[in-house]
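# Descriptive structure summary
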Amino acid sequence: MFHKLLFGEGVMGAGELKYGGSALRRIHAKSNRRKAEAYWLGFLEGVLASEAIESLEVASIRAEAEQFLQLFGDAAAADLIQDLDTAYSDFRREIFGIISGIVDYRLRPFSESSPNDCCNRFFGFCAGIACDNRLKVIEVEKLIDRIDQSAQLLEDARIAALRRVAAKAISDGHLSTEEKEDIGKWIVRLVGDSCADTGLPTYGNTPSIDGVLRDSSKLVFENAGFVVTGTF
């Protein structure tokens, strides 16, 4: 039955869910768009977490907006890029207000309807607070609060470890350089290096995680079989 459903035979009708067919492309496109929207919303929330726009954040904001615009043609991302090029008298305050407006607008119709929404939004938030490589206590406090509001996030061992490191770091009310670096390393494990480090947007780029096997030729299955499971 699984074979018939996957390749469009039998009860589903020919071609309906055929691999590489238009139906699957539409499903994947919708899923990818939803993932990006959750990540983009979380990223902007992360940028706002410090309650100010820092000079070093501007390049990262632009890079993420350009990526979202290129991938999905998002009008809000296009407007934000244009606003970043406008010479406001109080530039950073104006940009903070503009991003706050985008977040408010996107939050109204957005609801976390699946576990993936929660995770993707959280990953975006992590990228947002770390995009200038300068963590503040208030950002770390909001990071911990987001984790505490979701039992699902705490089920992820990496996120649970991030919370422990973050909570210990701010237990005395301030962050040392070493503590900032420790938290930053855990964030890198989740979303990759910040744009401040690479010059690249975090969305759509693979994080560098220690111990991950990336060369499939090193996988050897002798006298054994294996299966691949999950959602594809």
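Keep in mind that what you see is a predicted model, and the values were worked out from it rather than measured.

### Quick notes on the overall build of the protein chain
The helix and strand inventory of the protein chain stands at eleven helices and zero strands. Tracing the protein chain from N to C terminus, the helices and strands come up as α-α-α-α-α-α-α-α-α-α-α. Expressed as a percentage of its 232 residues, the buried residues of the protein chain come to 36%. For the protein chain, long-range pairs separated by at least 24 residues make up 62% of all intrachain contacts whose partners lie at least 6 apart in sequence. Carbon and sulfur atoms make up 52% of the accessible area of the protein chain, which amounts to about 13800 Å² in all.

### Some details on the environment of Ala78
Position of Ala78 among the secondary structure elements: in helix α4 (residues 75-84). For Ala78, a relative accessible area of 29% corresponds to the partly exposed category.

### Brief notes about a nonpolar patch on the surface
A cluster of nonpolar side chains, Leu219, Phe221, Phe226 and Val228, forms an exposed patch at the surface whose accessible area comes to about 430 Å². Taking the relative accessible area as the measure of exposure, Phe226 reaches 53% and is therefore exposed.

### So, the nonpolar core
In this structure, Ile99, Phe122, Leu143 and Ile183 are the most contacted members of the largest nonpolar core, which totals 51 residues. Residue assignment for this core shows that the elements contributing at least two residues are α2 (22-48), α3 (58-72), α4, α5 (91-107), α6 (115-129), α7 (137-148), α9 (157-169) and α10 (177-191). For this core, the element with the highest residue contribution is α2, accounting for nine residues. Not counting residues within four places of it along the chain, the set of residues in contact with Leu143 comprises Phe122, Phe125, Cys126, Ile129, Leu162 and Ala166.

Reading the values: the criteria
- Just so you know, the residues in each chain are numbered from 1, in the order the chain's sequence is written.
- Note on the predicted model: pLDDT of at least 70 is required for a residue's local features to be given, and 80 or more for side-chain atom pairs to be given and counted; whole-chain, interface and lining totals, by contrast, use all residues.
- Excluding hydrogens and water, the side-chain values take into account all heavy atoms of the structure.
- Only runs of H or I of at least four residues qualify as helices and only runs of E of at least two qualify as strands under DSSP, and these elements are numbered from the N terminus.
- We call a residue buried when its accessible area falls under 20% of the maximum for its residue type, exposed when it is over 50%, and partly exposed in between, using a 1.4 Å probe and counting protein chains only.
- Throughout, a residue-residue contact means that at least one pair of heavy atoms, one from each residue, lies within 4.5 Å.
- To measure how exposed things are, a 1.4 Å probe is used in the Shrake-Rupley method; for residues, cover is taken only from the protein chains shown.
- In this analysis, a patch consists of residues with relative accessible area above 30% that form no salt bridge, clustered at 9 Å for like charges and at 5 Å for the nonpolar side chains Val, Leu, Ile, Met, Phe, Trp and Tyr.
- The working definition used for a salt bridge is a side-chain nitrogen of Lys or Arg within 4 Å of a carboxyl oxygen of Asp or Glu.
- Among buried residues, the Ala, Val, Leu, Ile, Met, Phe, Trp, Tyr and Cys ones that are joined through side-chain atoms within 4.5 Å form a nonpolar core.

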